[in-house]
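Chain residues, written in single-letter form:
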Amino acid sequence: MNIRDEAALRELNLYPLWVRRGIPAAVEAVPATSASVAESQAAAPVPDEVISKPTEDQTDTRQSAAGFAKPVPSADEGLNPSGLSLLNWTGLKQKVRDCTACKLRVGCSRTVFGVGDENADWLFVGEGPGADEDAQGEPFVGQAGKLLDNMLAAINLKRGSNVYIANVVKCRPPNNRTPEPDEIATCMPYLQQQIALIKPKLVVALGKTAATSLLGRDATLGSLRGTIHDYHGTPLIVTYHPAYLLRSPAEKAKAWQDLCFAQQRMMT
Ligand code: URA
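All residue numbers refer to positions counted from 1 along the written sequence of the respective chain. Totals for whole chains, interfaces and linings use all residues, but because this is a predicted model, local features are given only for residues with pLDDT of at least 70 and pairs of side-chain atoms are given and counted only at 80 or more. Calculated side-chain values reflect all of the structure's heavy atoms, with hydrogen atoms and water omitted.

(A) Representation of the overall build of the protein chain within the structure. Runs of H or I in DSSP of at least four residues are treated as helices and runs of E of at least two as strands, each being numbered from the N terminus. Scanning the protein chain from terminus to terminus reveals 14 helices and eight strands. The burial tally for the protein chain puts 51% of its 268 residues in the buried class. Note on areas: Shrake-Rupley with a 1.4 Å probe; residue coverage comes only from the protein chains shown. In the form shown here, the protein chain has an accessible surface area of approximately 11800 Å², with 53% of it arising from carbon and sulfur atoms. Whether a residue is buried, partly exposed or exposed follows from its accessible area with a 1.4 Å probe, protein chains only, as a fraction of its type maximum: under 20%, in between, or over 50%, in that order.

(B) Expanded view of the side chain of Thr209. In this structure, Thr209 sits in helix 11 (residues 208–215). With a relative accessible area of 12%, Thr209 lands in the buried category. N or O atoms within 3.5 Å of each other form a polar contact, as long as, within protein, one can give a hydrogen and the other can take it, and as long as residues adjacent in sequence are counted only when both atoms are side-chain atoms. Polar side-chain contacts of Thr209 include one of 3.0 Å to the side chain of Glu127. Residues count as neighbours in contact if any of their non-hydrogen atoms are within 4.5 Å of one another. With residues up to four places along the chain from it excluded, the contact list for Thr209 reads Glu127, Val168, Thr178, Pro179 and Ile184.

(C) A look at the pairing of strand 4 (residues 122–126). With five of its five residues buried, strand 4 lies for the most part within the structure. Any two strands are treated as partners once DSSP identifies two or more bridges connecting them. Judged from the five bridges that link them, strand 4 and strand 5 (residues 163–167) form a sheet pairing that is parallel. Its bridge partner being in strand 5, Trp122 is matched across the sheet by Val163. In the sheet, strand 4 pairs with strand 6 (residues 202–206) via four bridges, with the strands oriented parallel. Within the sheet, the bridge partner assigned to Leu123 lies in strand 6 and is Val203.

(D) Structural context of the environment of Thr268. Topologically, Thr268 is positioned in the segment after helix 14 (252–267). Overall, the relative accessible area of 75% leaves Thr268 in the exposed class.

(E) Summary view of the site of the ligand. Here a residue is considered near a molecule or strand provided that any single heavy atom belonging to it is located within 4 Å of it. In the neighbourhood of the ligand, the contacting residues comprise Gly126, Glu127, Gly128, Glu133, Pro139, Phe140, Asn167 and His241. Between the ligand and the protein, one listed contact pairs a nitrogen atom with a backbone N or O atom of Gly128 at 3.0 Å. One nitrogen or oxygen atom from the main chain of Phe140 is found 2.9 Å from an oxygen atom belonging to the ligand. Surface burial for the ligand is 92%, taken as the share of its 240 Å² of free accessible area covered by protein chains. The definitions used throughout rest on a 1 Å grid laid over the protein atoms alone, on which a cavity is an enclosed set of points accommodating a 1.4 Å probe that cannot get out and a pocket is an open set flanked by protein within 12 Å on both sides along at least five of seven lines; lining residues are those having an atom within 4 Å of a point. For a molecule to be placed in a cavity or pocket, more than half of its atoms must lie within 2 Å of the grid points of that cavity or pocket. Comparing atom positions with the cavity grids shows the ligand to sit within the largest pocket. Within the shell around the ligand, the residues separate by chemical class into two nonpolar, four polar and two charged. Amino acids outside the nonpolar list (Ala, Val, Leu, Ile, Met, Phe, Trp, Tyr, Cys, Pro) and the charged list (Asp, Glu, Lys, Arg) are all regarded as polar, and Gly is one of them.

(F) Up close: the nonpolar core. What is meant by a nonpolar core is a set of buried Ala, Val, Leu, Ile, Met, Phe, Trp, Tyr and Cys residues, joined one to another through side-chain atoms within 4.5 Å. Counting residues in hydrophobic clusters, the biggest one holds 65 residues, and the most contacted among them are Trp122, Phe124 and Leu214. Counting residues per element, this core draws most heavily on helix 10 (residues 181–198), which supplies eight residues. Contact partners of Trp122, with chain neighbours within four places excluded, come to Ile155, Leu157, Asn162, Val163, Tyr164, Leu202, Val204, Ala262, Gln263 and Met266.

(G) Region of the structure containing the sheet that holds strand 8 (residues 234–239). Pairing is mixed across the open sheet formed by six strands, whose spatial order is 3-5-4-6-8-7. Each having just a single partner strand, strand 3 (115–116) and strand 7 (229–231) make up the two edges of the open sheet. Bridging between strand 3 and strand 5 involves two bridges; their strand directions are antiparallel. Following the sheet pairing, Val115 is matched in strand 5 by Ile165.

(H) How the structure looks around the packing of helix 10 against helix 11. Running from N to C, helix 10 and helix 11 cross one another at 80°; their axes reach a closest spacing of 11 Å. Put simply, helix 10 runs roughly perpendicular to helix 11. Between helix 10, through Ile184, Met188, Leu191 and Ile195, and helix 11, the contact on the second element is made entirely by Thr209, Ser213 and Leu214. Classifying every residue of the contact of helix 10 with helix 11 gives five nonpolar, two polar and no charged. In this description, a line fitted to the C-alpha atoms serves as the axis of each element, helices being fitted only across the stretch in contact, and the angle between N-to-C directions of two axes falls anywhere from 0 to 180 degrees. What sets the label is the angle itself: under 35 degrees gives roughly parallel, over 145 gives roughly antiparallel, 65 to 115 gives roughly perpendicular, and the rest give oblique.

Spelled out as structure tokens, the structure:
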């Protein structure tokens, strides 16, 4: 483990470490000081979640210069009947930039599309931009973003490198309130098309809004953790939102379990 990894694990209250033999340290390390060491060492977290990447190169086969993608399979049409399924990255970014389809756009400074590796295996989905994201136009750049970066580092991931980060809604809700159902419904086709273009191997839903929006059903976050869910053929796991973890640091151990679970899933 390098110094940066150690710092990330300290940030997560995950250091010093217990390491299971035969498994990379960053995958199986659990907090030795946590009251939940035994729970953390369980093979998988208690509750729930998500899928797999076709071998063809999506960038080469799906993009055209005009902002359209080659038609994607009919299943994707069913998932995203808004016409967005014809768009490639260029076209989709433009659509989001120009969007005024819900009441959030009037109250925010700019849309926040998403950031990272457009061919990533890992997709992390949050709720919506906050003040920092609204100012900078990039998801998770405030305090919650710093913690997310540390969570990524703890499993040897880095923003932008095999990782894409997006939100359910692309505009900042006033006073950082939870997006309303009509706002989520209006914005979801953008996220759906982002997922169709990325074709991640795993989606990690950060918090209840992301999880329930993607899964299309209401449930408690606790009941959704620890399981591989299916997002239209892509595996999806659920963990706590970093902003919640900042308010409830005792829950970081559970988030760590979820990250280990996600990494195990990715290695299968
Ligand atoms: N919270 C989110 O859900 N998304 C962000 O981009 C920032 C904070």
